[in-house]
Amino acid sequence: MAFLNLGILAHVDAGKTSLTERLLFTAGVISELGSVDAGSTQTDTGDLERRRGITITSAVASFDIGDHTVSLIDTPGHPDFIAEVERALGVLDGAVLVVSAVEGVQAHTRLLMRTLRRLRIPTLVFVNKIDRTGARDTGLRADLEAKLGIAIAALNRPTALGTRRSSVSDAEPAEWLDVLTRLDDRLLRRFVERGSVPEPQLRASLRRLSRAGRIHPVFFGSAITGAGVSQLMAALPQLLPSARGSVGAAPSARVFKIDQPGGPRRTYVRVFDGVLEPRSVVPVAGVDGKITGLSGFAGSRAVPRDSLRAGEIGLVRGLNKARIGAWIGRPDQTAQIGLPLPSWETVVAPLDAARAGELYAALTEIADADPLIMVRRDSDRHEISVSLYGEVQKEVIGTRLAEEYGLEVVFAETTTMHVERVTGTGSAAEIIFTAANPFLATVGLRIEPAPVGAGISFALEVERGSMPAAFFTAVEDTAVGALSQGLSGWPVPDAKLIMTHSGYAPRQSHAHAKFDKSMSSTGSDFRFLTALVAAEALRAAGTVVCEPIHAYRIEAPADCLSGLLDVLGRLASIGGSVVTGPLVVITGEVAAARLPAIGRRIPGLSHGEGLVESSFIRFEPVRDTVAPRRDRHRPDPLERRNYLLATAGRAPG
Ligand SMILES: Nc1nc2c(ncn2[C@@H]2O[C@H](COP(=O)(O)OP(=O)(O)OP(=O)(O)O)[C@@H](O)[C@H]2O)c(=O)[nH]1
Ligand SMILES: [Mg+2]
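Below is a summary of the structure that appears in this document. Since the structure is predicted, the reported quantities are computational estimates derived from the model, not experimental observations.

1. Here we look at the overall build of the protein
Okay, step 1: Helices and strands together make up the secondary structure of the protein, namely 16 helices and 32 strands.
Okay, step 2: In terms of overall dimensions, the protein is globule-like: its C-alpha atoms have a radius of gyration of 28 Å, near the 26 Å expected for 653 residues.
Okay, step 3: Based on the C-alpha atoms only, the size of the protein along its principal axes is roughly 90 × 65 × 60 Å.
Okay, step 4: Counting the 653 residues in the protein, one finds 53% classified as buried.
Okay, step 5: Sequence separation of 24 or more characterises 72% of the internal contacts of the protein that already satisfy a separation of 6 or more.
Okay, step 6: With an accessible surface of roughly 28800 Å², the protein has 51% of that area assigned to carbon and sulfur atoms.
Okay, step 7: The averaged location of the 72 negative side-chain charges in the protein is 3 Å from the averaged location of its 73 positive side-chain charges.

As structure tokens, then:
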């Protein structure tokens, strides 16, 4: 049996969930076709998903094609839920990028395709909605090449485009000759020598290039009428690679989703190597955990299983400490997915002020399973804030709090999230038994800048054997944690931490007494001291506050162009504007903080017909205004004297 773990990705409303439903129906897994509009699909199962007709969390469903088991992950397309897509990307063998034949290639489509290519995930394109009025064919193929910058080969072509009767017919392999000879030297040589290439060789070349992610086969079709879907389905095991990995190797699996649909916690994993079995004990992020049960998927239903093998997706019970993104067993890859960080943050408060503690606990629990939700509590005002990708996410968090925790909350206005980037290299060290250091520990750290998206790494320049392992763990956890607040209070997403000094006082006893804490190092000595050293090293390294920059796209009636350019010129940078028929499309970049102002002006400037889309592209140093600060937690190790008074009870010299 071969396995194919397949992601369905696209911009919002392109038809991912409808296509997933249609694939499950075509494969015979379900006997009745559900619909997004009736709220009856297999993969949009949340209340809010059904009510609003959008996907919020990714969902898994599996079916067989011949000797292949395909596990589909239907992902959300709304930019607010990009983090959910990011997790799925880490466990895929291949993907189907859905593009609407009517709306065409969107900014979000470009972001997804860029990411898929960077991660080398072979991807087929499904051009959906050929039955809808306004569906395009030739122009759309040209857009795929030009706007996505990819090589494509159309595997079918639509007939009666834009009508309910729309169908598809197979493309002639000879049509691929051009693109295939451009990418495949062997094929080109053969063509030059003999003047033609037989069809089987064209197909073999297409298969090779597609499985390597160098060409993207395109299928036209409709998830609603079913046109083109069986062709897509037959091509999946042909044109996409199946899962690699060996059952004989040591287990290696990755957590990509955790949910709790009103019952016990469900941990979704993809097994890369080896076999997971109930009752086996496996390391999860360095700590041993015991698997108590396993499930696989039959359609969208979880079914008990007595093992999960290399290549499979399933559910694991028992490993309740595992967070999303964690490796079970041996980590298999270290590639950073590198999708956007949240651009926004909002203060959240319970309707009943007395329940603030409960709210903080609930949000911490949600964030605990999910490293991309960041929760913080202001140390003076005790305000609780959460990071966001967009406004819709407020509703999702609000609904989860109400349904799972019985907490009614209100959100304050959304503000822009900033990050800090390390600008130089900085070192600091505190040595044990010296006057300046009240803790029984030696800790030295160096902080260096790291590339965007690299995350935080921790390395040792001291011997691992120089201290008990628990002290190293205390240093690493505290140092990494310290970077959740930079010098101006914003998180530092990327940096290299290097431990340069270590030392401790071994456990000892007086002649007649037992273990004396005052003479032996403890974990707290290391935690308190590391926070201080990390703050000093960070101050020496220096940081710059960066704000989120978005790419925007505004579509409006063409006669509004000059008014729009006038306003945009003051608020954003303008990349270009293109008038096609009655419409103008203006694109460019803008500081995220200005987006609400633009959003407010557009309706008045466009007879109410303007449409603004935006998506995060990068963080950039704040230029035009004073960089905002955010409160740092207290006691703050940047204020050495107060910090030592609060933690050690005294402030030496
Ligand atoms: N006419 C037509 N409508 C379609 C087709 N596919 C999807 N739709 C409709 O488009 C809308 C969105 O479909 P979904 O399947 O929810 O799209 P999605 O990509 O899963 O949306 P998100 O998960 O929210 O990003 C629904 O109203 C569908 O009925 C199609 O092939 N033809
Ligand atoms: Mg969907």
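From this point, things continue past the structure.
2. Observations concerning the sheet that holds strand β26 (residues 441-448)
Consider a sheet: its strands pair through backbone hydrogen bonds, and that pairing is either parallel or antiparallel.
Okay, step 1: One open sheet accounts for four strands, arranged β25-β26-β28-β27; its pairing is mixed. The strands lining the two open edges of the sheet, one partner per strand, are β25 (426-430) and β27 (456-460). Shown here is a sheet whose adjacent strand axes are inclined to one another by a mean of 20 degrees, direction ignored.
Okay, step 2: In the sheet, β27 pairs with strand β28 (residues 495-504) via five bridges, with the strands oriented parallel. In the strand pairing of β28, Ala459 is matched with Ile498.

3. A word on the side chain of Ser385
Okay, step 1: Of note, Ser385 is situated in strand β22 (residues 384-388).
Okay, step 2: When its relative accessible area of 7% is taken as the criterion, Ser385 is described as buried.
Okay, step 3: What Ser385 contacts, discounting residues up to four positions off in sequence, is Glu345, Thr346, Val347, Met374, Val375 and Arg376.

4. Describing the sheet that holds strand β5 (residues 123-128)
Okay, step 1: Ordered by their spatial adjacency, seven strands build an open sheet running β2-β3-β1-β4-β5-β9-β6, and the pairing between neighbours is mixed. If you trace the sheet from one side to the other, it starts and ends with β2 (59-65) and β6 (152-154), each paired once. In this sheet, neighbouring strand axes are inclined to one another by 25 degrees on average, regardless of whether the strands run parallel or antiparallel.
Okay, step 2: Here five bridges tie strand β1 (residues 2-10) to strand β4 (residues 94-100), and the two strands are oriented parallel to one another. Looking at the pairing, Gly7 lines up with Ala95 of β4.

5. Comments concerning the pairing of strand β15 (residues 293-298)
Okay, step 1: Within β15, five of the six residues are buried, leaving the element largely enclosed by the surrounding structure.
Okay, step 2: Pairing analysis gives three bridges linking β15 to strand β18 (residues 313-317), with the strands arranged antiparallel. Bridge pairing in β18 places Ser295 opposite Leu315.
Okay, step 3: The pairing of β15 with strand β16 (residues 301-305) spans five bridges and is classified as antiparallel. Looking at β16, one finds that Leu294 is bridged to Arg305.
Okay, step 4: Counted along the chain from β15 to the antiparallel partner β16, the turn is two residues long, and its residue Gly299 has a positive phi close to 60 degrees.

6. Some details on the environment of Val443
Okay, step 1: Within the fold, Val443 resides in strand β26.
Okay, step 2: For Val443, a relative accessible area of 0% gives the class buried.
Okay, step 3: With 11 residues separating them in the primary sequence, Val443 and Ile432 have C-alpha atoms 8.3 Å apart.

7. Concerning the side chain of Asp143
Okay, step 1: For Asp143, the position within the fold is in helix α5 (residues 138-148).
Okay, step 2: Given the relative accessible area of 17%, Asp143 is considered buried.
Okay, step 3: If near-sequence neighbours (up to four positions away) are discounted, Asp143 is found in contact with Val105, Arg136 and Leu148.

8. Overview of the coordination of the magnesium ion (ligand 2)
Okay, step 1: At 1.9 to 2.0 Å from the magnesium ion (ligand 2) lie its protein donor atoms, namely Thr17 (OG1) and Thr55 (OG1). Pair noted here: Thr17 is in helix α1 (residues 16-26) and Thr55 is in the loop between α2 (47-52) and β2, with a separation of 38 residues, a long-range link. Summarising the burial analysis for this pair, Thr17 and Thr55 share the class buried.

9. Digging into helix α3 (residues 82-89)
Okay, step 1: The buried count for α3 comes to eight of eight residues, which makes it a mostly enclosed element.
Okay, step 2: Residues of α3 that are buried: Ile82, Ala83, Glu84, Val85, Glu86, Arg87, Ala88 and Leu89.

10. Some points on the pairing of strand β24 (residues 419-422)
Okay, step 1: The side-chain alternation of β24 yields two buried faces, one formed by Val419 and Arg421 and the other by Glu420 and Val422.
Okay, step 2: Two elements, β24 and strand β29 (residues 543-557), share four bridges in a ladder whose sense is antiparallel. Looking across to β29, one finds that Val419 is bridged to Cys546.

11. Quick word on the site of ligand 1
Okay, step 1: As a structural note, the neighbourhood of ligand 1 is formed by 20 residues, with Lys16, Thr17, Ser18, Asp37 and Thr55 the closest of them.
Okay, step 2: Measuring from an oxygen atom of ligand 1, one finds a backbone N or O atom of Ala14 at 3.2 Å.
Okay, step 3: Asp131 has a polar side-chain atom sitting 2.8 Å from a nitrogen atom of ligand 1.
Okay, step 4: A total of 640 Å² of accessible area belongs to ligand 1 in isolation, and the protein chains cover 90% of it.
Okay, step 5: Ranked by residues supplied to the shell around ligand 1, first place goes to α1 with three residues.
Okay, step 6: Classifying every residue of the shell around ligand 1 gives six nonpolar, eight polar and six charged.

Conventions adopted
Residues numbered from 1 in each chain as written. Chains lettered and ligands numbered in written order. Predicted model: local features only at pLDDT ≥ 70, side-chain atom pairs only at ≥ 80, totals over all residues. Heavy atoms only, no water. Helix = DSSP H or I, 4+ residues; strand = E, 2+ residues; numbered from the N terminus. Rg over C-alpha atoms; globule rule 2.2 N^0.38 Å. Buried < 20%, exposed > 50% of the residue type's maximum accessible area, 1.4 Å probe, protein only. Contact = heavy atoms within 4.5 Å. Areas by Shrake-Rupley, 256 points an atom, 1.4 Å probe, with all protein chains shown as cover. Lys, Arg positive; Asp, Glu negative; His and termini not counted. Charge placed at Lys NZ, Arg CZ, Asp CG, Glu CD. Pairing = 2+ DSSP bridges. Axes fitted to C-alpha atoms, helices over the stretch in contact; angles between N-to-C directions. Donors = N, O, S within 2.8 Å, 3.2 Å for Na, K, Ca; no water. Near = heavy atom within 4 Å. Polar contact = N/O pair within 3.5 Å; in protein donor to acceptor, adjacent residues only side chain to side chain. Nonpolar A, V, L, I, M, F, W, Y, C, P; charged D, E, K, R; others polar.

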